[in-house]
Amino acid sequence: MGEMEELRKEADNLKDQITEARKVVQDTTLQEAVAGTTLVGRVQLKTRKTLRGHLAKIYAMHWGTDTNCSKLCVSASQDGKLIVWDTLTTNKVNAIPLKSSWVMTCAYAPSGNMVACGGLDNMCSIYNLKGKDGNVKVMRELAAHTGYLSCCRFLNDSEIITSSGDCTCILWDIETGTEKTIFAGHLGDCMSLAVSPDFKMFISGACDFTAKLWDIREATCRQTFSGHESDINAIGFFPNGNAVITGSDDATCKLYDLRADQELITYQDSGIMCGVTSLAASLSGRLLLAGYDDFNVNIWDMLKAERVGVLAGHDNRVSCIGVSSDGMACCTGSWDSFLKIWN
Amino acid sequence: MEEGSRDQGQQCVGTTDPEEDSPNTIIYRKIEDVIMRLQDEKAGGVAIRTVKSFLSKIPSVVSGADIVQWLMKNLSIEDSAEAIHLGSLIAALGYLFPISDHVLTLKDDGTLYRFQAPYFWPSNCWEPENTDYAIYLCKRTMQNKARLELADYEAENLARLQRAFARKWEFIFMQAEAQVKIDRKKDKAERKILDSQERAFWDVHRPVPGCVNTTEMDIRKCQREKNPQKVKKSVYGVTDDTQTQSSVHQSLPSQPSRKPTREDVQKEISFLNMQLDRHCMKMSKVADSLMSYTEQFMVYDPLASTVEPSNPWISDDMTFWDLEASRDPSQHRVKKWGFSLEEALKDPAGRDAFLKFLESEFSSENLRFWLAVQDLKRRPLENVAARAQEIWQEFLAEGAPSSINLDSHSYELTSHNLKDPGRYSYEDAQEHIFKLMKSDSYARFLRSNIYQDLLLARKKLVSSSNVCFHFPGQVIDGQAADRADAVILTLPGLEGHRQTPLEGP
């Protein structure tokens, strides 16, 4: 036991030293630096479309990014279906029945050729949307995780990254169906992940209250960010890839900078008393849209850390949110079984 | 009903068993702090009074309007709608309730509300079984009071439970009788309060059909219950071996929470050492970088600025998207290419323009190499090795037709990678070439005619007669046309745009 104690002391000592070192570069705070910037005007977005069709809680949604599918998005619901929507017409392009109805995540490949999903089955299932006979079929079932699949994101048509309740993330080779790299280090369930704009790194948020930045090729953890007091449910990159945004059950969102290696600001309000479930940054990074347990989405001025808008329209928890690749529309998915398009 | 802690009245704080720390713990604490302050009349809380109604008194109530006002004042909420929304959340979770309604929302009027007893607080991690609910509904039918009459949905629930528990209904009936006896011993006013609190508890755990069940947990969080096999505590102190495992997540194996091992801590130490050596950017620089990025891109952010010509979602006019996709880019789009090389290459038209410029400088091999490598990364595995070799032959081999300039270290590394060619064999080389283009060619591109013409929208107006007219007052090649009547002709066949001003009249 003595050795463990000594080791812990050493670790704590190093942590203190690091805290001091980080303070040294704090020649200002973000709040001070933006004091002269005007607050963004009140943002009032309206529901332009409501996507109806799911019969149970929606747990995840993801926009297509390729120019051919930038108006398409995929959603996953506990009714055991993946639906690919044409958000402009509200038509269902595909309605894919799943083997397991306990789905928790879904993803759209950047090429638009595939979608993926997973959940309590501990697997990531890849579906080919562009099959020869027009039918959507399971292409691969990636099985290796020993816990639920919380999130998945494609790097390209041959690689996908998954995060799991087994506290690890895995980079998979889709063609061979095998694990390329296992990213271990979190001490709690990994709840969410996001890939950097240059596809070289990814970040994961976990129930150990920390967020970790991973180098995909080097297979190492580059940085760890702490500060949250409860599970991190949602995570995303600032559009230029230099900062990370997290959302937590402690009712706050935080912005961490990669180059300063520390927290820049916290998005909180005394009137917000529920967890953050999901988040997305607007195209310029000026706005942060975050979904909460109280059925609303709060829109924050990311620099000034003040609320500048609310999206109210769902009748149950907002479970997922995404901004389209051209930044034009925001899509929310809820436990009320509906998706809404806002702008 | 359990006599113990409840009789201590409404002042005791709900105790959270540390073993049952739920992800909602922090939220509950925040709300409970507000609830305590709300009820503390001496410290500025709301006035909790007994209200006289018809033939009776209603003890211990407060109006919805009072609660809304308090929330606005004490939590600095400016908008009453927001205060109502927050208050409704607090009610839906079960911390306060309307005395005459099963639906748990807060109204900004004279509707009367009561505070929930800490015994029933959500932070106590209640997951009451159907046996408890059956006992509750059963005892309600035994008491002959108008206010305790079952609502339609409750009567339906009772009927369903009677069928489900047909074999042990006698047991449930007896438990209900016992509860009625205990209740009768209590003071009348106290009973009114306790009955309403008990009802509010069931309104949370067995909500009115159509109302959101706030006790529903994200299934990902349910998995983390430290001891899911533990028999859940009963509201009425009933210990029953045959309690049904009602929810599906009960039967799944629990994920043991990891405790750090010695190896974990050692790894952490080496990681921390690496972090200590890290060179960090100053906050002021970071802040500047964030501010300038958002400033640059805000005009392109449809959620933060108005978009020209119109937002297709609102106007149903696709022009905006047509313009974005066209190979003939607008000035607005071209301006973005000047923000960074990354932005220029994101746009296919930008790639084309940059390539055209590099061709004019006879250095297009760099960009072509970069594009080839980007493409390689997206190829199906079976084609990768062959394509990687092709790229080597084209750009890096001795006597290559489009020879690129790599430093010896990068060259050797790439050559080594090519022994076992893969999608990422050229990562290092690609980064080098990108940096080269960024620091060298890109800046010249932005100053070039090819770029400037697009940026300043110097379009051919009358292409058939091969003349270009520039409107006076435009900035041309960095110089403002200072003669309002200057007209510049471009003669066909000339390279680029050599302007030859005419002698004015």
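Everything quoted here is computed from the prediction, not taken from an experiment.

Basis of the calculations
Residues numbered from 1 in each chain as written. Chains lettered and ligands numbered in written order. Predicted model: local features only at pLDDT ≥ 70, side-chain atom pairs only at ≥ 80, totals over all residues. Heavy atoms only, no water. UniProt positions renumbered as here; feature names shortened; annotations may be inferred. Helix = DSSP H or I, 4+ residues; strand = E, 2+ residues; numbered from the N terminus. Contact = heavy atoms within 4.5 Å. Buried area = accessible area lost by both parts, 1.4 Å probe. Salt bridge = Lys/Arg side-chain N within 4 Å of Asp/Glu carboxyl O. Polar contact = N/O pair within 3.5 Å; in protein donor to acceptor, adjacent residues only side chain to side chain. Nonpolar A, V, L, I, M, F, W, Y, C, P; charged D, E, K, R; others polar. Buried < 20%, exposed > 50% of the residue type's maximum accessible area, 1.4 Å probe, protein only. Lys, Arg positive; Asp, Glu negative; His and termini not counted. Phe/Tyr/Trp six-rings, centres within 6.5 Å; stacked < 30°, edge-to-face > 60°. Pairing = 2+ DSSP bridges. Axes fitted to C-alpha atoms, helices over the stretch in contact; angles between N-to-C directions. Parallel < 35°, antiparallel > 145°, perpendicular 65-115°, else oblique. Left-handed = near helix turned anticlockwise from the far one by under 90°.

### Description of the UniProt feature "domain: RGS" (unreviewed entry) in chain B
The UniProt record marks residues 340-455 of chain B with the feature "domain: RGS" (unreviewed entry), using the residue numbering of this structure. Here residues 340-455 of chain B runs as 72% helix and 0% strand, with 15 Å between its end C-alpha atoms.

### Examining the interface of chain A and chain B
Between chain A and chain B, the contact holds 104 residues from the first and 77 residues from the second. Roughly 7,900 Å² of surface becomes buried between chain A and chain B when both sides are summed, with 65% attributable to carbon and sulfur atoms. Of all residues in chain A, R259(A), M273(A) and M328(A) give up the largest surface area on contact with chain B, accounting jointly for 10% of the area buried on that side. At the surface where chain A touches chain B, the tally comes to eight salt bridges. Run the count over chain A and chain B and you get 30 residue pairs in polar contact (both at pLDDT 80 or more). Put simply, the parts of the chain that give the side of chain A that touches chain B at least two residues each are α1 (2-24), α2 (30-33), β1 (47-51), β10 (149-156), β17 (220-225), β20 (253-257), β21 (262-267) and β23 (287-292) of chain A. The greatest single-element share of the side of chain A that touches chain B, amounting to twelve residues, is contributed by α1(A). For the side of chain A that touches chain B, the class distribution of residues is 43 nonpolar, 29 polar and 32 charged.

### Examining the side chain of K71(A)
Here K71(A) lies in the loop between β2 (58-63) and β3 (72-77). Buried within the structure, K71(A) lacks any salt-bridge partner; its nearest side chain of opposite charge belongs to D326(A), at an N-O separation of 4.6 Å. One polar contact links K71(A) to S70(A), side chain to side chain, over a distance of 2.6 Å. In contact with K71(A), other than residues within four places in its own chain, are W63(A), W85(A), D86(A), T87(A), L88(A) and W321(B).

### Regarding the packing of aromatic side chains
One pass over the structure, following the stated rule, counts 29 aromatic pairs over all chains. Seen in terms of ring centroids, F202(A) and W214(A) are 6.2 Å apart; in terms of plane orientation they differ by 15°. Their pairing is stacked. In this pair, F202(A) sits in strand β15 (residues 201-206) while W214(A) sits in strand β16 (residues 211-215), placing the two residues twelve residues apart along the sequence. Residue classification places F202(A) among the buried residues on the basis of a relative accessible area of 0%. The interplanar angle of 55° and the centroid separation of 5.3 Å between the aromatic rings of F445(B) and Y451(B) together place this pair among those described as tilted. The exposure classification of F445(B) matches that of Y451(B), with both residues buried. These aromatic residues form a ring-pair network of at least three members: Y119(B), F120(B), W126(B), Y133(B), Y136(B), F201(B) and W202(B).

### Notes on the pairing of β15(A)
Moving residue by residue along a regular strand, the side chains alternate between the two faces of the sheet. Residues and elements named next belong to chain A. With six of its six residues buried, β15 lies for the most part within the structure. By the alternation rule, side chains of β15 split into M201, I203 and G205 and F202, S204 and A206, which are all buried. Note that strand β14 (residues 190-195) and β15 share five bridges and pair antiparallel. Bridge pairing in β15 places V195 opposite F202. The hairpin formed by β14 and β15 contains five residues between the paired strands, and F199 there has a positive phi angle of roughly 65°. Pairing geometry for β15 and β16, over five bridges, is antiparallel. Across the sheet, the residue bridging to S204 is K212, located in β16. Following β15, the chain reverses through four residues before pairing antiparallel with β16; F209 in that reversal takes a positive phi of roughly 75°.

### Regarding the sheet that holds strand β1 (residues 49-53) of chain B
All names here are of chain B. Ordered in space as β1-β2-β4-β3, the four strands form an open sheet in which the pairing is antiparallel. What marks the edges here is a single partner per strand, and that holds for β1 and β3 (96-98). Pairs of neighbouring strands in the sheet enclose a mean axial angle of 55°, with direction left out of account. For strand β2 (residues 56-63) and strand β4 (residues 112-115), the ladder comprises two bridges, and the chain directions are antiparallel. In the sheet register, S63 faces β4, and the bridge partner there is L112. Where helix α7 (residues 188-205) meets the sheet, its contacts fall on β2, β3 and β4, and the angle it forms with β2 comes to roughly 50°.

### Remarks on the packing of helix α16 (residues 365-376) of chain B against helix α19 (residues 427-439) of chain B
Residues and elements named next belong to chain B. Close contact between α16 and α19 brings their axes to 10 Å; oriented N to C, the two are set at 140°. Relative to α19, α16 is oriented oblique. As for the relative orientation of α16 and α19, their crossing is left-handed in sense. Residues N366, L367, F369, W370, V373 and Q374 of α16 pack against A429, Q430, I433, F434, L436 and M437 of α19. Partitioned by chemical class, the residues of the contact of α16 with α19 number nine nonpolar, three polar and no charged.

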